[in-house]
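# Topology and contacts: notes
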Amino acid sequence: MSRVRARFLKDNVTRWRASAYDGNNPYASAYSSPITIKCNFMNGGSIQRDQNGADFQPATTYRCKLGDVINGDRVVLGISVATEPPSTAETVRSKNTGTTLVGSADMTFYTG
């Protein structure tokens, strides 16, 4: 993603990652603190393949600079400070990273 294109990342996505169980604190949140990533958002997208090799039609496609997103994370469009993802959050099923012609890294991830 070029620097010029990165300036026009107009949407935000909030990401929650499931955290490991803590036996010393069984009432702790099941998710780590949310982070917000600048991105471009699009409904749908072309057929993708998840980590299990299954084809799926994405519900949502997000394009952004490199961010801390992995398969299984829960995401919601917009900024949220909630400790757990809302019921409308979607699960990341596939992620692609690449480098543009000018050498700037970018990432696309899909929910479904």
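Our structure is the block above this text.
The residue numbering used here restarts from 1 in each chain and proceeds along that chain's sequence as written. In view of the model being predicted, local features appear only for residues whose pLDDT reaches at least 70, and side-chain atom pairs are presented and counted only at 80 or more, with totals across whole chains, interfaces and linings using the full set of residues. No hydrogens and no water enter the side-chain calculation; it runs on all heavy atoms of the structure.

## Side note on the overall build of the protein
Elements are defined by DSSP. Helices are runs of H or I of four residues or more, strands are runs of E of two residues or more, and each kind is numbered from the N terminus. When helices and strands are counted, the protein shows 1 helix and 8 strands. Ordered by position from the N terminus, the helices and strands of the protein form the series α-β-β-β-β-β-β-β-β. For the exposure calls, accessible area comes from a 1.4 Å probe over protein chains only, and a residue counts as buried if that area is under 20% of its type's maximum, exposed if over 50%, partly exposed in between. The 112 residues of the protein split such that 31% are buried. In what follows, a contact means two residues having at least one pair of non-hydrogen atoms within 4.5 Å. Restricting the contact set of the protein to residue pairs at least 6 apart, pairs at least 24 apart contribute 56%.

## So, the sheet that holds strand β2 (residues 35–43)
The sheet built from 6 strands closes into a barrel, its strands ordered β1-β2-β5-β8-β7-β6 with antiparallel pairing. If you compare each strand with its neighbour and ignore which way they point, the axes differ by 45° on average. As defined by bridge partners, β2 adjoins strand β5 (residues 60–65) across 4 bridges and the pair is classed as antiparallel. Considered in β5, the bridge of N40 is made with R63. In this description, strands pair whenever DSSP reports at least two bridges between them. Axis angles are defined between N-to-C directions and span 0 to 180 degrees, where every axis is a line fitted to C-alpha atoms and, for a helix, only to the segment in contact.

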